[in-house]
Each structure stands twice: as C-alpha cells, then as structure tokens.
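So the chains spell out like this:
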Amino acid sequence: MIYLDNAATSFPKPPAVAESIVDFLEHSAGNPGRSGHALAIAAQAVVAATRSQLAALFGVPDPARIVFALNATDALNTALWGLLRPGDRVVTTSIEHNAVARPLHAMAERGIEVTRVACAADGTLNLDDLDRALRSGPVRLVAMCHASNVCGTILPVREAAQRAHEHGALFLLDAAQTAGVLLIDVIEMGIDLLAFPGHKALLGPTGTGGLYVGPSVRLTPMRQGGTGTRSAEEQQPDELPEALEAGTPNTVGIAGLGAALGYLQQRGQPAIRAHEVALTTRLIDGLMDIPGLRIHGTGDPARQVATVSVSLEGWEPVDVAAALDSSFGIAVRSGLHCAPLAHRTLGTFPRGTVRLSPGCFTTDDDVDQALAALRKLARTAA
Ligand SMILES: Cc1ncc(COP(=O)(O)O)c(C=O)c1O
C-alpha cells in the first residue's frame, strides 16, 4: 500500500513508537502523579520527559506550559473556550479547519464577534486584509492555521502575530499541519497559544496532542477534576499543567509520542522538511503534465507543506480516491477534509478535492506510482 494521507494522520510511525508503548505497558503503566509507588513514579517520569521534549521542540522555556491534549481539536477548544468571553472579538481566516471554525461558530451564537479575513483562491493571506480587520475594532485574539490542510499553503505567522500584538490581541496558532515539519519557536514567532496534534507530523500515536499556553495567557479550564495535587481543595488548581489536565492522561500515547520525538530529533526537522519539499516538487511537476488535472494552491513547494489538492476533469473526487485505493493500492483523501470554508475560498465547494499528502517515510517511487495511476485515470472516464 502507498500511503498518501499523512495530513490526516501519519503512517507508518517510527518502529520505536510501538516499542516504547509495549515497554511502557509492561514496565511503567501506573497512574502518573497519583501515588508514590514505583509504577506511578515511572509513569510520571515518562510524562515529564515527553513534556520536556515538546518544550524543547517549540522553544518553550518552562515545560509546565505544555498541556497534554487528545488531539489538535481538543487543544484548540481548550484555548478558545478557555479564553474568549461574550463581547470579545476574534479575528480568523477563511481557510480554517472545522477544529477552529466550528468552536468559533458556536461562540458567535454566544456573543463573541468573529471577523473572518478572506484568503486568496490559492490559500494565501494578504497582510493588508489582516490589518484592515484588526483596525476595525478591539480584538482579543487572532486565531489561524500555520498551513492549510486542503492545499498546504503556509500562512505568514510571524507577521500576523506581530500585527496581533500591535493591536493588543493574543495570537493562537493551529499547527496541526506543520508541527514536526516546519520549525516553530513560540518566543521568536510571537505565539501565545500553540495547538498541535501528536499523531500527524510529530509521528506519535492517535489520542495525543497538546497546547502551549504562554505566560501572558490565562485560560479558564473546560474540565475540572483530579490532578493528584492540592487534593484537599474543591477548586481546580491554578498551576499549569494541572489546571488544564484534569483526569488520568493518555500515558500510553504519551510514551509513544516521546519515542516519536526522539526519532524526529535524530533525523532532524530541517532534513524532514527538505525531504518533503523534494517530494512535493516531484509530485507537483508530475501533476502539471497530466491533462485535465488542476492543482489547487500556490503550486510552489517552498510556500506550502507536502499537502497537494487536485481536481480531475470528468471525475468526482470521491471516485478518484476510490479508484486509487481499489485499483492501485494508493491511500488518499477526497471531499472537504473537514474544512468547508477553505473549499469555498479555493472554489472547490461542495465537491471538494483529491488530497495527496506524502510524509517523512514517503519515497520518490511512491510519488511516481501515484502519478502513473492518476495519468491512467485521466485517460479514462469515471
Ligand atoms: C489545520 C487543522 N487543524 C486542526 C485539525 C484537527 O486535528 P486533530 O485531528 O488532531 O484533532 C486538523 C486535522 O486534520 C487540521 O488539519
């Protein structure tokens, strides 16, 4: 099978991920921070080590500011519901995933004003449009993705964060498509809140993710419960990470994520990015030669992550994906990719696109086989 659906979740995982999960279950699977016995202490050590690895990866000086979550959606909801109150205004973009768009839609019905800056049809964001939106009234938060999960276009994060701060707003980055591939330094880039999944380019198991909470942010917890600290008190502790980590964490997944981060560090993020740029270049160059095939996005591998969306004349996206799977053993995703707003922006709503997303284990041969399969489909009517 050729797996080109890494934008949904990465596959395969480095072998060390499964090994560390088995090792954790056999030797360390106590409840972290809850008891004083050896197994609980071992589990706590694994959680603390993974937290420190994440902090180091994102340039976070204090690991306690990394809060574990179930996925990027969980982290984004923790940030948005924890921060925004009726009367606040949030500025966002027209290419957001439903993980941002749906909470904001629900919040708009509760008195939070949402201003959506329209991106161009290739997914790019014009900073003058952002400026205009920021100038149109007080803003509490700017919330945007680092890269589109539909066409891969990378947004200008540093510049957007700087503008947010100039207008007294906080900056929330949805790094679902970039964490593990593009370098992210929260201090240098001016990120106040960083939501990331553990199961995409960070190469960890599903059920993992996290949120960085900067020193200038105070979030009201969505959940209250046991933390293993201040147990005599009825109210949720204020301190991070406990304030936002009620209940037993996904220790098994966190153990796997720790091993994945070890792999990433060893291979090096710049090397992974270079590999993915080369794959994207090969893919886009090949796609451009296929008659009747249209690429959505900038078409420039340097300005996008390794996520490429296409339409094929005479074919429904869902049929292309089914044919690639059944006749060629190639796994891609079709449809709206949980981002209907992005498709409206790209002009591909409501049919959506066929999305090919290579990852760090994809080879040139995988890309060539996908191109050959698409060439064959282009010659055939659906
Ligand atoms: C841009 C973006 N944001 C958020 C999410 C949600 O991530 P998760 O599935 O980890 O909740 C995704 C998932 O594809 C995404 O692409």
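Before reading on, note that the structure itself is shown above.
Colleague: Any chance you could explain the overall build of the protein here in plain terms?
Modeller: Of the regular secondary structure elements, the protein holds twelve helices and 13 strands. Taking as baseline every contact in the protein between residues at least 6 positions apart, the subset at least 24 positions apart corresponds to 69%. Accessible area for the protein stands at about 15500 Å²; split by element, carbon and sulfur atoms hold 53% of it. Taken as two groups, the 30 positive and 38 negative side-chain charges of the protein have centres that lie 4 Å from each other.

Colleague: So what exactly am I meant to see when it comes to the site of the ligand here?
Modeller: Inspection of the region around the ligand gives 13 residues, with Thr 73, Asp 174, Gln 177, His 199 and Lys 200 positioned closest. One of the backbone N or O atoms of Ala 72 is found 3.0 Å from an oxygen atom in the ligand. At 2.7 Å from an oxygen atom of the ligand is found a side-chain nitrogen or oxygen belonging to Gln 177. Here the ligand loses 90% of its free accessible area of 390 Å² to cover by the protein chains.

Colleague: Looking at this structure, I do not really get the nonpolar core. What am I missing?
Modeller: Note that soluble globular proteins tend to have their nonpolar side chains buried in a common cluster. In terms of nonpolar packing, the biggest core is built from 54 residues, with Leu 54, Phe 58, Phe 171, Ile 191, Leu 194 and Leu 202 touching the most fellow members. The biggest single contributor to this core is helix H8 (residues 251–267), with six residues. Of the residues that make up this core, three or more belong to each of domain 1 (2–10 + 268–378) and domain 2 (15–267). Setting aside chain neighbours within four positions, we find Leu 194 in contact with Phe 58, Leu 173, Ala 175, Ile 184, Val 186, Gly 210, Leu 211 and Tyr 212. Counting residues in hydrophobic clusters, the runner-up holds 27 residues, among them Leu 312, Leu 324, Val 332 and Leu 356.

Colleague: Quick question: what am I supposed to make of the packing of aromatic side chains here?
Modeller: When we look at a pair of aromatic rings, we describe it by the centre distance and by the angle of the planes. The final tally for this structure, using the stated rule, is three aromatic pairs. Both rings, one in Tyr 263 and one in Phe 361, keep their centres 5.5 Å apart while their planes meet at 45°; by these two values the pair is tilted. Residue Tyr 263 is located in helix H8, and its partner Phe 361 is located in the loop between strand S13 (353–356) and helix H12 (364–378); the two are separated by 98 residues in the primary sequence. Taking relative accessible area as the criterion, Phe 361 reaches 30% and is therefore assigned partly exposed. In this structure, Arg 267 is placed above the aromatic ring of Phe 361, and the distance from its NZ or CZ to the ring centre is 5.9 Å. The ring of Phe 349 carries Arg 344 above its face, with NZ or CZ at 3.8 Å from the centroid.

Colleague: I tried to follow the side chain of Gln 177 on my own but got confused; where do I start?
Modeller: Its place among the elements puts Gln 177 in the loop between strand S6 (170–174) and helix H7 (186–189). For Gln 177, a relative accessible area of 11% corresponds to the buried category. At 3.0 Å, the side chain of Gln 177 and the backbone oxygen of Ala 7 are in polar contact. Beyond its immediate stretch of four places on either side in the chain, Gln 177 contacts Ala 7, Ala 147, Ser 148, Asn 149, Lys 200, Val 305 and Thr 307.

Colleague: Honestly, the pattern of salt bridges in this entry has me stumped. Any pointers?
Modeller: Close approach of charged atoms allows side chains with opposite charge to pair. Across all of its chains, the model carries 13 salt bridges by this definition. Among the ionic pairs, Glu 233 bridges to Arg 230, the shortest N-O distance being 3.3 Å. Owing to a relative accessible area of 42%, Arg 230 belongs among the partly exposed residues under this scheme. Note that Arg 282 and Asp 364 form a salt bridge whose closest N and O atoms lie 3.5 Å from each other. With Arg 282 in helix H9 (residues 269–288) and Asp 364 in helix H12, this residue pair connects regions lying 82 residues apart in the sequence. The partly exposed category is assigned to Arg 282, whose relative accessible area is 33%.

Colleague: What should I look at first to understand H8 in this one?
Modeller: Since the α-helix turns once every 3.6 residues, residues separated by three or four places project in the same direction. Taking 1.5 Å of rise per residue, the 17 residues of H8 would be expected to cover 24 Å, and the 24 Å separating its terminal C-alpha atoms lies within 8% of that figure. Most of H8 is tucked away, with twelve of its 17 residues classed as buried. The secondary structure elements touched by the buried residues of H8 are helix H1 (15–27), helix H2 (38–57), strand S2 (66–69) and H9.

Colleague: Hey, could you run me through the packing of H9 against H12 in this one?
Modeller: For any two helices packed against each other, the geometry is given by the interaxial angle and the distance between the axes. Between H9 and H12, the least distance of the axes is 10 Å, while the angle of their chain directions is 20°. The pairing of H9 with H12 is recorded here as roughly parallel in orientation. Relative to H12, the crossing made by H9 is right-handed. Each of Leu 279, Arg 282, Leu 283, Gly 286 and Leu 287 in H9 lies in contact with H12, whose residues at this interface are Asp 364, Val 367, Asp 368, Leu 371 and Leu 374. Taken together, the residues of the contact of H9 with H12 break down into six nonpolar, one polar and three charged.

Colleague: Looking at this model, I keep getting lost on the sheet that holds strand S12 (residues 333–335). Mind explaining?
Modeller: Strand pairing in a sheet is mediated by backbone hydrogen bonds. Such pairs are either parallel or antiparallel. Pairing is antiparallel in the open sheet, where four strands are placed in the order S9-S10-S13-S12. Sheet topology places strand S9 (293–296) and S12 at the edges, where each strand pairs with a single neighbour. Adjacent strand axes in the sheet meet at a mean angle of 30°, parallel and antiparallel pairs treated alike. As defined by bridge partners, strand S10 (residues 308–312) adjoins S13 across three bridges and the pair is classed as antiparallel. From the neighbouring strand, Val 308 faces S13, where its bridge partner is Leu 356. Packed on one face of the sheet, H9 meets S9, S10 and S13 and runs near 15° to S10.

Cut-offs applied
Residues numbered from 1 in each chain as written. Predicted model: local features only at pLDDT ≥ 70, side-chain atom pairs only at ≥ 80, totals over all residues. Heavy atoms only, no water. Helix = DSSP H or I, 4+ residues; strand = E, 2+ residues; numbered from the N terminus. Contact = heavy atoms within 4.5 Å. Areas by Shrake-Rupley, 256 points an atom, 1.4 Å probe, with all protein chains shown as cover. Lys, Arg positive; Asp, Glu negative; His and termini not counted. Charge placed at Lys NZ, Arg CZ, Asp CG, Glu CD. Near = heavy atom within 4 Å. Polar contact = N/O pair within 3.5 Å; in protein donor to acceptor, adjacent residues only side chain to side chain. Core = buried A, V, L, I, M, F, W, Y, C linked by side-chain atoms within 4.5 Å. Buried < 20%, exposed > 50% of the residue type's maximum accessible area, 1.4 Å probe, protein only. Domains from an automatic or database assignment. Phe/Tyr/Trp six-rings, centres within 6.5 Å; stacked < 30°, edge-to-face > 60°. Lys NZ or Arg CZ within 6 Å of the ring centre and 35° of its normal. Salt bridge = Lys/Arg side-chain N within 4 Å of Asp/Glu carboxyl O. Expected span 1.5 Å × (residues − 1). Axes fitted to C-alpha atoms, helices over the stretch in contact; angles between N-to-C directions. Parallel < 35°, antiparallel > 145°, perpendicular 65-115°, else oblique. Left-handed = near helix turned anticlockwise from the far one by under 90°. Nonpolar A, V, L, I, M, F, W, Y, C, P; charged D, E, K, R; others polar. Pairing = 2+ DSSP bridges.

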